[in-house]
Amino acid sequence: MAETRRRLRSSTVVLGGMGVLAAALSACGSDPDRRCVDRDSYDYINGYKIVADRNCNSSGATSSSMGTSRTDADWYYDADVSNGYADYGTFSRSEAVDRGGFGCSGSGSSGG
């Protein structure tokens, strides 16, 4: 009986470990953390102003009450985010994936 219990415990540990590994890898896909920012809005203290994702998904044109304005928006990866600004990231998606390892970008606290 003790031998059966030991085998069960051992296989449970292996299966549980594989489940944790699978969950970790699926949670860390190949897409790093990203924010859509206005490249023309850089502030030395705050960084880049975060704008709506639709600006990065479209051609950059945004409508306003006065007509259409252009925003030089682009995805900014793996950045520290604070008060509507993003800093210490990169505009290079491949660089953000490389420094995150296994496709995990972390919490965005790494320097760039």
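Notes on the structure follow. Just so we're clear, the structure is a prediction, and the values are computed from it rather than from any experiment.

**Re the pattern of salt bridges**
Then comes step 1: Counted under the stated rule, the structure contains two salt bridges.
Then comes step 2: Here D33 and R35 are joined by a salt bridge, their closest N and O atoms 2.9 Å apart.
Then comes step 3: In this structure, R39 engages D74 in a salt bridge whose closest nitrogen and oxygen atoms are separated by 2.7 Å. Highlighted residues: R39 in the loop between β1 (34-38) and β2 (48-49) and D74 in strand β5 (residues 73-77), separated in sequence by 35 residues.
Then comes step 4: You can call R39 partly exposed: its relative accessible area is 35%.

**Concerning the state of the cysteines**
Then comes step 1: Tallied over the entire structure, the rule returns one disulfide.
Then comes step 2: Put simply, C36 and C56 are joined by a disulfide, and their sulfur atoms are 2.1 Å apart. Across the S-S bond linking C36 and C56, the dihedral sits near 95°, which makes this disulfide right-handed. Of this pair, C36 sits in strand β1 while C56 is found in helix α2 (residues 54-57), placing the two residues 20 residues apart along the sequence.

**As for the sheet that holds β2**
Then comes step 1: Spatially, the three strands line up as an open sheet ordered β2-β7-β6, and their pairing is antiparallel. The open sheet has two edge strands, β2 and β6 (80-82), and neither has a second partner.

**A short note on unusual backbone geometry**
Then comes step 1: Even without a glycine there, the phi angle at D78 is positive, about 55°.
Then comes step 2: With respect to the helices, strands and loops of the structure, D78 is situated in the loop between β5 and β6.
Then comes step 3: Residue D78 is classed as buried on the basis of its relative accessible area of 0%.
Then comes step 4: Despite not being glycine, Y88 shows a phi value in the positive range, around 65°.
Then comes step 5: Topologically, Y88 is positioned in the loop between β7 (85-87) and α3 (93-100).

**A short note on the nonpolar core**
Across soluble globular proteins, nonpolar side chains show a tendency to be buried alongside one another.
Then comes step 1: Membership of the largest hydrophobic core is limited to seven residues, which are C36, V51, C56, A73, W75, Y77 and A96.
Then comes step 2: Ranked by residues supplied to this core, first place goes to β5 with three residues.
Then comes step 3: Each residue touching C36, except ones within four places of it in the same chain, is listed here: K49, I50, V51, A52, D53, N55, C56, A73, D74 and W75.
Then comes step 4: Ranked by size, the runner-up nonpolar core spans five residues in total, among them V37, Y76, A79 and A86.

**What to know about the packing of aromatic side chains**
Then comes step 1: Tallying each qualifying case throughout the model produces four aromatic pairs.
Then comes step 2: Ring plane angle 65° and centroid distance 5.0 Å describe the contact between Y48 and Y76, whose orientation is recorded as edge-to-face. Taken together, the residues span a long stretch of sequence, with Y48 in strand β2 and Y76 in strand β5 at a distance of 28 residues. Y76 matches Y48 in its accessibility class, with the two residues each being buried.
Then comes step 3: Over the face of the ring belonging to W75 we find R34, whose NZ or CZ atom lies 3.8 Å from the ring centre.

Calculation notes
Residues numbered from 1 in each chain as written. Predicted model: local features only at pLDDT ≥ 70, side-chain atom pairs only at ≥ 80, totals over all residues. Heavy atoms only, no water. Salt bridge = Lys/Arg side-chain N within 4 Å of Asp/Glu carboxyl O. Helix = DSSP H or I, 4+ residues; strand = E, 2+ residues; numbered from the N terminus. Buried < 20%, exposed > 50% of the residue type's maximum accessible area, 1.4 Å probe, protein only. Disulfide = S-S within 2.5 Å. Pairing = 2+ DSSP bridges. Core = buried A, V, L, I, M, F, W, Y, C linked by side-chain atoms within 4.5 Å. Contact = heavy atoms within 4.5 Å. Phe/Tyr/Trp six-rings, centres within 6.5 Å; stacked < 30°, edge-to-face > 60°. Lys NZ or Arg CZ within 6 Å of the ring centre and 35° of its normal.

So yeah, pure geometry; function would need other evidence.
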